[in-house]
Amino acid sequence: MTYDVIALVPEIPDPRDIVAGMVAAGEQLRVAETANGAVIQLCDDTGRPLVSLETPVHVRVPDEISRLLGPELGARVTGPVWWLEARAPSDQPAAVALAHRYAHEIARRLNGHVWPPEAP
């Protein structure tokens, strides 16, 4: 199973924001792509994927964040947002931490929110 971390930001991230998030996750990680470039993977030295970063999605529907992630976050996130999802194997705490570092850096740079806010 995967553990998903989502950064919700009010503006589309530019490549510098994505790279900063990747560096925050771990400068030593290697980068690979899959799904015809729609997914970027952060990998260890052996090439084993640790975190998958999906293409940002623009969420424009009112109340969609409340429906998907709960009313508490939905009350804080108003207007259209960009949804950036990072997925890590749920049985690898170090990979989950990498995903959180990525999402928190994106949210910090673009004044957004992270769900869930902390790793388990």
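Above this text you will find the structure in question.
Chemist: Can you walk me through the pattern of salt bridges in this structure?
Modeler: Any two side chains of opposite charge can pair, on the condition that their charged atoms come close. Applying the stated rule across the entire model yields nine salt bridges. With a shortest N-O distance of 2.8 Å, E54 and R87 are connected by a salt bridge. Here E54, found in strand β4 (residues 49-54), pairs with R87, found in strand β6 (residues 81-89); they are 33 residues apart in sequence, far enough to count as distant. Residue E54 is classed as partly exposed on the basis of its relative accessible area, which comes to 30%. Here R87 falls in the partly exposed class, since its relative accessible area comes to 28%. Between E105 and R108 there is a salt bridge, and its shortest N-O distance comes to 2.7 Å. Within this pair, E105 and its partner R108 are both found in helix α4 (residues 93-110), separated by three residues, close to a single helical turn. In the salt-bridge network here, residues are joined through shared partners; they are D4, E54, E85 and R87.

Chemist: Hey, could you run me through the side chain of E105 in this one?
Modeler: A relative accessible area of 16% means that E105 is categorised as buried. E105 has contacts with A20, G21 and A24, leaving out every residue within four places of it along the chain.

Chemist: Would you explain the pairing of strand β2 (residues 30-34) in this entry?
Modeler: In summary, the side chains of a regular strand alternate between the two faces of the sheet. The pairing of β2 with strand β3 (residues 39-43) spans five bridges and is classified as antiparallel. Within the sheet, the bridge partner assigned to A32 lies in β3 and is Q41.

Chemist: It is not clear to me how helix α1 (residues 15-25) should be interpreted in this structure. Could you clarify?
Modeler: Residues lying three or four places apart along an α-helix face the same way, a consequence of the helix completing one turn every 3.6 residues. Burial in α1 covers these residues: D17, I18, A20, G21, M22 and A25. Capping the start of α1, D14 holds a side-chain oxygen 2.9 Å from the backbone nitrogen of R16, two or three residues further along.

Chemist: Explanation requested: unusual backbone geometry in the structure shown.
Modeler: Most peptide bonds take the trans form, and the phi angle of most residues other than glycine is negative. With an omega dihedral of -15 degrees, the bond running from W115 to P116 counts as a cis peptide bond. Counting through the fold element by element, P116 comes out in the segment after β7 (113-115). Positive phi values are uncommon outside glycine, yet N36 reaches one of about 55 degrees. Among the secondary structure elements, N36 is positioned in the loop between β2 and β3. Here N111, not a glycine, exhibits a phi torsion of approximately 55 degrees, which is positive. Mapped onto the secondary structure, N111 falls in the loop between α4 and β7. On the accessibility criterion, N111 (68% relative accessible area) is exposed.

Chemist: I keep staring at the nonpolar core and nothing clicks. Help me out?
Modeler: Within soluble globular proteins, side chains that are nonpolar generally end up buried alongside one another. Ranked by internal contacts, the top residues of the largest apolar core, which has 26 residues, are L42, V51, L53, L84, Y102 and I106. Looking at this core, the elements that each hand over two or more residues are β1 (2-9), α1, β4, β6 and α4. For this core, the element with the most residues is α4, which contributes nine residues. Setting aside anything within four residues of it in sequence, one finds L42 in contact with M22, A25, L29, R30, V31, R48, P49, L50, V51 and L53. Within the second largest apolar cluster, nine residues are counted, among which are L8, V59, V77 and V81.

Procedures and definitions
- Residues numbered from 1 in each chain as written.
- Predicted model: local features only at pLDDT ≥ 70, side-chain atom pairs only at ≥ 80, totals over all residues.
- Heavy atoms only, no water.
- Salt bridge = Lys/Arg side-chain N within 4 Å of Asp/Glu carboxyl O.
- Helix = DSSP H or I, 4+ residues; strand = E, 2+ residues; numbered from the N terminus.
- Buried < 20%, exposed > 50% of the residue type's maximum accessible area, 1.4 Å probe, protein only.
- Contact = heavy atoms within 4.5 Å.
- Pairing = 2+ DSSP bridges.
- Polar contact = N/O pair within 3.5 Å; in protein donor to acceptor, adjacent residues only side chain to side chain.
- Core = buried A, V, L, I, M, F, W, Y, C linked by side-chain atoms within 4.5 Å.

Remember that the coordinates give geometry; whether it matters functionally is a separate question.
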